Amino acid sequence: MVYEDDSEIMIDGLVLPGLVKSLEVSTAAEIEEQEVEGSTAKPKQATGYEDGKVNIEILLMDSEGMSKEDKLQSIQDLFRQKGQDIPAVHSIINTHVAQRNIGQILFKNLTTKVTNANEQITVTIELWEYVPMTISITAAKAAGETNYAPQLRSDYQEYLRSRGAAPKQSDKTAYTPVRHRGAQE
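Residues numbered from 1 in each chain as written. Predicted model: local features only at pLDDT ≥ 70, side-chain atom pairs only at ≥ 80, totals over all residues. Heavy atoms only, no water.

Visitor: Explain the nonpolar core to me, please; I cannot follow it from the model alone.
Guide: Across soluble globular proteins, you tend to see nonpolar side chains buried next to one another. Formed by 22 residues in total, the largest nonpolar core has its most connected members in Ile11, Leu16, Ile56, Ile125 and Leu127. Contributing elements (two or more residues each) for this core: strand S3 (19-26), strand S6 (53-61), helix H1 (68-79), strand S8 (104-114) and strand S9 (120-129). Other than its neighbours up to four places away in sequence, Leu127 contacts Ile11, Gly52, Lys53, Val54, Ile56, Ile92, Ile105, Leu106, Phe107 and Lys108. (Core = buried A, V, L, I, M, F, W, Y, C linked by side-chain atoms within 4.5 Å. Buried < 20%, exposed > 50% of the residue type's maximum accessible area, 1.4 Å probe, protein only. Helix = DSSP H or I, 4+ residues; strand = E, 2+ residues; numbered from the N terminus. Contact = heavy atoms within 4.5 Å.)

As structure tokens, this is what we get:
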């Protein structure tokens, strides 16, 4: 089996160690189907694109100066370092991935497999494209725009402004008709 040169995939400036067995990039369009009453055909509406997915399979073997375990540790540190709680956004550099317009990724999954027969570790990396979301805040309504909240009648608004307050009492434990009525029952 012929493998690609291991210097082709770089994540955050680190060339992934080992022999790249496969590199797969998949993207898909988002398409909604609409129900139309009385029709068996469902019209389709294109709404955008799903985030791309990059799957990499790498074989790690011992080499001069670096064991397969050391190579795995460098990949593990990209995926999740000790004490890391939230996945980090990484940049990826690869000719094929760049042709698919993917530049930033998140590690979605890291799978490793060791077999007794071979002196190698098979690493499968699943990456998802990271597309930052821009959240914009809309400005407050300009003067003259319609407010769709229910409007209070003007006479009720006037009542609310002029109704005053309840009389203040200095002794909150004083005799009141309500307390007296409750005490008799």
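Visitor: Looking at this structure, I do not really get a nonpolar patch on the surface. What am I missing?
Guide: Taken together, the side chains of Tyr156, Tyr159 and Leu160 define a hydrophobic patch exposed on the protein surface, amounting to about 290 Å² of accessible area. Here Tyr159 lies in helix H3 (residues 154-162). Residue class for Tyr159 comes out partly exposed when judged on its relative accessible area of 44%. (Patch = residues over 30% accessible without salt bridge, like charges linked within 9 Å, V, L, I, M, F, W, Y side chains within 5 Å. Areas by Shrake-Rupley, 256 points an atom, 1.4 Å probe, with all protein chains shown as cover. Salt bridge = Lys/Arg side-chain N within 4 Å of Asp/Glu carboxyl O.)

Visitor: Even after reading the chapter, I still don't get the packing of aromatic side chains, so can you show me in this structure?
Guide: Within this structure, the stated rule accounts for one aromatic pair. Ring plane angle 70° and centroid distance 5.9 Å describe the contact between Phe79 and Phe107, whose orientation is recorded as edge-to-face. Linking Phe79 in helix H1 with Phe107 in strand S8, this pair joins segments that are 28 residues apart in sequence. Given the relative accessible area of 6%, Phe107 is considered buried. Directly above the aromatic system of Trp128 lies the positively charged group of Lys53, at a separation of 4.3 Å from the ring centroid. (Phe/Tyr/Trp six-rings, centres within 6.5 Å; stacked < 30°, edge-to-face > 60°. Lys NZ or Arg CZ within 6 Å of the ring centre and 35° of its normal.)

Visitor: Hey, could you run me through unusual backbone geometry in this one?
Guide: Most of the time, phi is negative for any residue but glycine, and the peptide bond is trans. The backbone of Asp12 sits at a positive phi, close to 50°, despite the residue not being glycine. Mapped onto the elements of the fold, Asp12 is located in the loop between strand S1 (10-11) and strand S2 (14-15). Given the relative accessible area of 40%, Asp12 is considered partly exposed. At Asn101, a position not held by glycine, the phi torsion is positive, near 60°. The topology assignment puts Asn101 in the loop between helix H2 (95-99) and S8.

Visitor: How do you make sense of the side chain of Ser74 when you look at a structure like this?
Guide: The topology assignment puts Ser74 in helix H1. What makes Ser74 buried here is its relative accessible area of 16%. Those residues in contact with Ser74 that sit more than four places away from it in its chain are Leu14, Pro17 and Met66.

Visitor: Looking at this model, I keep getting lost on a negative patch on the surface. Mind explaining?
Guide: A contiguous patch of negative charge, built from Glu30, Glu32, Glu50 and Asp51, is present on the exposed surface. Tracing the sequence through the fold places Glu32 in strand S4 (residues 29-33). Relative accessible area serves as the criterion here: at 41%, Glu32 is assigned to the partly exposed category. (Lys, Arg positive; Asp, Glu negative; His and termini not counted. Charge placed at Lys NZ, Arg CZ, Asp CG, Glu CD.)

Visitor: Please explain H1 as it appears in this structure.
Guide: An α-helix turns once every 3.6 residues. As a result, residues three or four positions apart point the same way. End to end, H1 covers 17 Å across 12 residues, agreeing with the expected 16 Å (1.5 Å per residue, within 8%). Within H1 the residues assigned to the buried category are Lys68, Lys71, Ser74, Ile75 and Leu78. Angularly, the buried residues of H1 cover 125° about the axis, an arc narrow enough to put them on a single face. Against S1, S2, S6, strand S7 (89-93), S8 and S9 lie the buried residues of H1. (Expected span 1.5 Å × (residues − 1). Arc of directions from axis to C-beta.)

Visitor: Any chance you could explain the environment of Asp51 here in plain terms?
Guide: Relative to the assigned elements, Asp51 resides in the loop between strand S5 (44-49) and S6. Judged by its relative accessible area of 35%, Asp51 falls in the partly exposed class. Spatially, the C-alpha atom of Asp51 lies 6.7 Å from that of Trp128, the residues being 77 residues apart in sequence. Filtering out sequence-adjacent residues up to four positions away, Asp51 remains in contact with Glu129 and Val131.

Visitor: What is the right way to read the sheet that holds S9 from this model?
Guide: Backbone-to-backbone hydrogen bonds join strands into a sheet, with any given pair of strands oriented parallel or antiparallel. Reading across from one edge, S2-S1-S7-S8-S9-S6-S3 is the order of the seven strands in this open sheet, with antiparallel pairing throughout. One side of each edge strand has no neighbouring strand; the edge strands of this open sheet are S2 and S3. Here S1 pairs with S2 via two bridges, running antiparallel. When the sheet's bridge partners are listed, Met10 is paired in S2 with Val15. (Pairing = 2+ DSSP bridges.)

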